[in-house]
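Letter by letter, the chains look like this.
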Amino acid sequence: MTDGKGRIIDYIRVSLTDRCNLRCVYCMPAQGVEPEPYENLLTLEEITRVCAAAARLGISKVKLTGGEPLVRKGCAALVGMLKAIPGIREVTMTTNGVLLPRELPALVENGLDAVNISLDTLDPETFRTLTRCSMEEDVRKAIRRAVEAGIRVKVNAIPIEEYNGQSLGELAALAKDQPLDVRFIELMPIGEGKHLTPIGNEEVRRRLEADYGPMTPWEGKRGNGPAVYYSLPGFTGKLGFISAISHEFCGECNRVRLTSTGFLKLCLHYNDGIPLRELLRTGAGEEELAGVIQEAIQKKPLHHNFGGCETPDMDHHTMSQIGG
Ligand code: SAM
Ligand code: SF4
């Protein structure tokens, strides 16, 4: 389907929970955020109903996110439920990887197509200060296991001067000998992310080229999003750059978001959207849901306004509540 501005919308990011087993400094405060009562979270069956309605409208790709999606029980079963929906071609997940070694076999068996694993540093000490937890070895294991399982793997890192500014080359090197892509995502000034020093992707590329020599733009398509990819000589995987701040790509935005409490969110930056939970719980059928979703998508904002002044319609949730 297209939105009110003619953009094709074929992708939904579904947050399964606002809870997380890490406390990344750019995403969550140290004490966490007040969790939503369990009864406010959509059930797996309700999530499946929303995705089935969205699939009727042409949404064909679902990304499971959180909080940390794998702290939600039944994640693998949900993958199977979503893959069974006519029209859903791809179900993928973004995870911090901590629980992935344990959950991966069931996820793959149920049809998970690809996984994005967030990892911002390979240094155990920096990992501890950045995530306020010490499970770096589990994340490294998750990456190895996901590659071995034969699904598409991307490692996502946020370049932040205070934490990994001097070690971006080590992260990139994960793509040297393994068939995975490493992507650098510009820090967005949302919630906790406002207090840190982002490194723009032009500068990240400059630092990586100082380590590895010139990169070559790679024209192929890899996944659902706006990443721009480059090859490096001798590297098995590609390096990707998602530059939401320095090169706004809202004109090609193809996505909507469903929060764990059932709010259909039209843009990461704004609180525009429509609550679906009550509709789901008062027995709305797939056709009715599809109608409501279609109408909402027509009002999707044209672009974010991260550099602009504060306005009442800006979203003040943390990234863990929104789902990234
Ligand atoms: N817990 C999972 C994970 O970390 O992959 C899924 C949820 S997390 C909110 C999704 C993505 O959002 C992660 O890759 C994380 O690095 C990213 N993220 C969190 N806060 C961000 C910020 N302020 N700017 C840019 N990306 C952010
Ligand atoms: Fe948790 Fe992901 Fe946020 Fe880190 S980025 S605190 S892993 S939700």
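Here, every reference points to the structure presented above.
On a predicted model such as this, the values are computed, not experimentally measured, just so you know.

Asks: Mind showing me how you'd approach the overall build of the protein chain here?
Replies: Each helix and strand in the protein chain was counted, giving twelve helices and twelve strands. For 324 residues, the compact-globule formula gives about 20 Å, and the C-alpha radius of gyration of the protein chain, at 19 Å, lands near that figure. Structurally, the protein chain occupies a C-alpha span of about 55 × 45 × 40 Å along its principal axes. Considering only contacts in the protein chain between residues 6 or more positions apart, those separated by 24 or more positions represent 73%. Counting 38 positive and 43 negative side-chain charges, the protein chain places the averaged centre of each group 3 Å from the other.

Asks: Before we go on, may I ask you to explain the packing of helix H1 (residues 44–56) against helix H2 (residues 75–83) in this structure?
Replies: For the pair H1 and H2, the least separation of the axes is 10 Å and the interaxial angle reads 25°. As the angle between them shows, H1 and H2 are arranged roughly parallel. H2 is crossed by H1, and the crossing has right-handed handedness. Counted together, Leu44, Glu45, Ile47, Thr48 and Cys51 of H1 and Leu78, Met81 and Leu82 of H2 form the full contact between these two elements. Residues of the contact of H1 with H2, tallied by class, amount to six nonpolar, one polar and one charged.

Asks: Just to check I follow, could you spell out the side chain of Asn164 for this structure?
Replies: Relative to the elements of secondary structure, Asn164 occurs in helix H6 (residues 161–164). For Asn164, a relative accessible area of 1% gives the class buried. At 3.0 Å, the side chain of Asn164 and the backbone oxygen of Asp120 are in polar contact. Among residues more than four places away in sequence, those in contact with Asn164 are Asp120, Ile158, Pro159 and Leu171.

Asks: Any chance you could explain the site of ligand 1 here in plain terms?
Replies: As a matter of local geometry, ligand 1 sits amid 17 residues, with Gly67, Glu68, Thr94, Ser118 and Met188 nearest to it. Measuring from an oxygen atom of ligand 1, one finds a side-chain N or O atom of Thr94 at 3.1 Å. In this structure, an oxygen atom belonging to ligand 1 sits 3.5 Å away from a main-chain N or O atom of Thr95. Its free accessible area being 550 Å², ligand 1 has 93% of it covered by the protein chains.

Asks: Any chance you could explain the site of ligand 2 here in plain terms?
Replies: The environment of ligand 2 is formed by Cys20, Leu22, Cys24, Cys27, Gly67, Asn96 and Ser320. Partitioning the shell around ligand 2 into residue classes produces four nonpolar, three polar and no charged.

Asks: Can you help me understand unusual backbone geometry in this one?
Replies: Glycine aside, residues mostly have negative phi, and peptide bonds are mostly found in the trans state. In the segment running from Gly66 into Gly67, the intervening peptide bond is cis, with an omega of 25°. Note that Gly67 resides in the loop between strand S2 (61–65) and H2.

Asks: Would you take a moment to explain the pairing of strand S1 (residues 11–15) for this structure?
Replies: Counted residue by residue, S1 has five buried out of five residues, so it is predominantly covered. Where burial is concerned, the two faces of S1 agree: the one with Tyr11, Arg13 and Ser15 and the one with Ile12 and Val14 are both buried. When S1 meets S2, the two strands line up parallel, connected through five bridges. Among the inter-strand pairings, Ile12 is bridged to a residue of S2, identified as Val62. Traced from S1 through H1 to S2, the parallel crossover comes out right-handed. When S1 meets strand S10 (residues 255–258), the two strands line up parallel, connected through four bridges. Counted as the bridge partner of Ile12 is Val256 from S10.

Asks: What am I meant to see in the packing of aromatic side chains here?
Replies: The geometry of an aromatic ring pair is captured by two quantities: the separation of the ring centres and the angle between the planes. The final tally for this structure, using the stated rule, is three aromatic pairs. With a centroid separation of 5.1 Å and an interplanar angle of 80°, the aromatic rings of Tyr212 and Phe235 are classed as edge-to-face. Highlighted residues: Tyr212 in helix H9 (residues 201–212) and Phe235 in the loop between strand S8 (228–231) and strand S9 (239–242), separated in sequence by 23 residues. Note on Tyr212: relative accessible area 27%, which makes it partly exposed. Among the residues examined, Phe235 registers a relative accessible area of 11% and is labelled buried. Relative to Phe241, the ring of Tyr230 has its centre 5.6 Å away and its plane inclined at 80°; by these criteria the two rings are edge-to-face. Taken together, the residues Tyr230 in strand S8 and Phe241 in strand S9 connect sequence positions eleven residues apart.

What counts, and where the lines are drawn
- Residues numbered from 1 in each chain as written.
- Chains lettered and ligands numbered in written order.
- Predicted model: local features only at pLDDT ≥ 70, side-chain atom pairs only at ≥ 80, totals over all residues.
- Heavy atoms only, no water.
- Helix = DSSP H or I, 4+ residues; strand = E, 2+ residues; numbered from the N terminus.
- Rg over C-alpha atoms; globule rule 2.2 N^0.38 Å.
- Contact = heavy atoms within 4.5 Å.
- Lys, Arg positive; Asp, Glu negative; His and termini not counted.
- Charge placed at Lys NZ, Arg CZ, Asp CG, Glu CD.
- Axes fitted to C-alpha atoms, helices over the stretch in contact; angles between N-to-C directions.
- Parallel < 35°, antiparallel > 145°, perpendicular 65-115°, else oblique.
- Left-handed = near helix turned anticlockwise from the far one by under 90°.
- Nonpolar A, V, L, I, M, F, W, Y, C, P; charged D, E, K, R; others polar.
- Buried < 20%, exposed > 50% of the residue type's maximum accessible area, 1.4 Å probe, protein only.
- Polar contact = N/O pair within 3.5 Å; in protein donor to acceptor, adjacent residues only side chain to side chain.
- Near = heavy atom within 4 Å.
- Areas by Shrake-Rupley, 256 points an atom, 1.4 Å probe, with all protein chains shown as cover.
- Pairing = 2+ DSSP bridges.
- Right-handed = clockwise from strand over helix to strand, strands pointing away.
- Phe/Tyr/Trp six-rings, centres within 6.5 Å; stacked < 30°, edge-to-face > 60°.

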